[in-house]
Amino acid sequence: MFDQTHAHITTWVIAIILFFVAVGLHNAGKNKGMKIVHMVLRLFYLLIILTGSLLFWKHSGIDPALYGIKGLVGIWVIGMFEMLLVRMNKGKSTKIFWILLILSLVIVLYLGLSLPLGW
Ligand code: HEM
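A brief report on the enclosed structure follows. (Residues numbered from 1 in each chain as written. Predicted model: local features only at pLDDT ≥ 70, side-chain atom pairs only at ≥ 80, totals over all residues. Heavy atoms only, no water.)

**Quick notes on the coordination of the iron atom of the ligand**
Thinking step 1. Of the protein atoms, only His8 (NE2) and Lys70 (NZ) coordinate the iron atom of the ligand, at distances of 1.9 to 2.0 Å.
Thinking step 2. Note that the iron atom of the ligand binds 6 donor atoms; their angles at the metal cover 81 to 177°, and the shape is octahedral. Remark: lysine 70 occurs in helix 3 (residues 64–90) and histidine 8 occurs in helix 1 (residues 6–27); sequence separation between them is 62 residues.
Thinking step 3. Assessed through its relative accessible area of 11%, histidine 8 is described here as buried.
Thinking step 4. By relative accessible area, which is 18% here, lysine 70 ends up buried. (Donors = N, O, S within 2.8 Å, 3.2 Å for Na, K, Ca; no water. Tetrahedral: all angles 85-135°; square planar, octahedral: opposite > 155°, others 65-115°. Helix = DSSP H or I, 4+ residues; strand = E, 2+ residues; numbered from the N terminus. Buried < 20%, exposed > 50% of the residue type's maximum accessible area, 1.4 Å probe, protein only.)

If you want it as structure tokens, here you go:
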């Protein structure tokens, strides 16, 4: 948990899958199912932040600035998941948030993979 990134990777991979399941359910008009998946997804936000914070707490001394940015961009990704699902439910436009989600995901994957732990 502290020295390996497996737990962290597991939580964000599951969150990405849940996010797309929620989008699919919304598009299929299954709003009750979407609500349940959205609730579970929110639990995974907490697990991502918990596992990310444990890694941060133990290793950010290696490069505090880059680790700080990595954490912030990770939270930005979570914010975009949430904005998209909430705006979809309200029938508001989501285009800009899809662009921001892709941008934030590319940056967080790049930063995560270029930091020294894990791959
Ligand atoms: C959906 C959101 C997130 C995604 C997609 C993501 C993605 C990643 C990836 C790809 C890695 C590299 C794993 C490896 O090389 O084995 C990583 C590592 C890490 N993440 Fe995240 N992350 C997210 C959220 C967060 C948050 C919110 C935090 C902080 C609170 C955080 C802190 C860290 C730390 C400290 C590492 C270790 C960096 C290293 O030295 O390799 N992440 N993350």
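**A look at helix 4 (residues 95–114)**
Thinking step 1. Helix length check: helix 4 (20 residues) gives 29 Å between terminal C-alpha atoms against 28 Å at 1.5 Å per residue, within 8%.
Thinking step 2. Turning to helix 4, its buried residues number three or more, namely Phe97, Leu101, Ser104, Leu105, Val108 and Leu111. Projected onto a plane normal to the axis of helix 4, the buried residues spread over an arc of 145° and lie on a single side. Among the exposed residues of helix 4, those pointing more than 90 degrees away from its buried face are Lys95, Ile99, Ile102, Val106 and Tyr110.
Thinking step 3. Buried residues in helix 4 make contact with helix 1 and helix 3. (Expected span 1.5 Å × (residues − 1). Arc of directions from axis to C-beta. Contact = heavy atoms within 4.5 Å.)

**Here we look at the site of the ligand**
Thinking step 1. Surveying the vicinity of the ligand reveals 25 residues, the closest of which are Thr5, His8, Tyr67, Lys70 and Leu117.
Thinking step 2. At 2.3 Å from an oxygen atom of the ligand is found a side-chain nitrogen or oxygen belonging to tyrosine 67.
Thinking step 3. In the environment of the ligand, an oxygen atom lies 3.5 Å from a nitrogen or oxygen atom belonging to the backbone of leucine 115.
Thinking step 4. Looking at the shell around the ligand, the elements that each hand over two or more residues are helix 1, helix 2 (31–59), helix 3 and helix 4.
Thinking step 5. In terms of residue class, the shell around the ligand is built from 16 nonpolar, 8 polar and 1 charged. (Near = heavy atom within 4 Å. Polar contact = N/O pair within 3.5 Å; in protein donor to acceptor, adjacent residues only side chain to side chain. Nonpolar A, V, L, I, M, F, W, Y, C, P; charged D, E, K, R; others polar.)

**Regarding the packing of aromatic side chains**
Thinking step 1. If you walk through the whole model with that rule in mind, you get 4 aromatic pairs.
Thinking step 2. With a centroid separation of 5.1 Å and an interplanar angle of 75°, the aromatic rings of phenylalanine 19 and phenylalanine 20 are classed as edge-to-face.
Thinking step 3. On the basis of relative accessible area, phenylalanine 20 is assigned to the partly exposed category, the value being 43%. (Phe/Tyr/Trp six-rings, centres within 6.5 Å; stacked < 30°, edge-to-face > 60°.)

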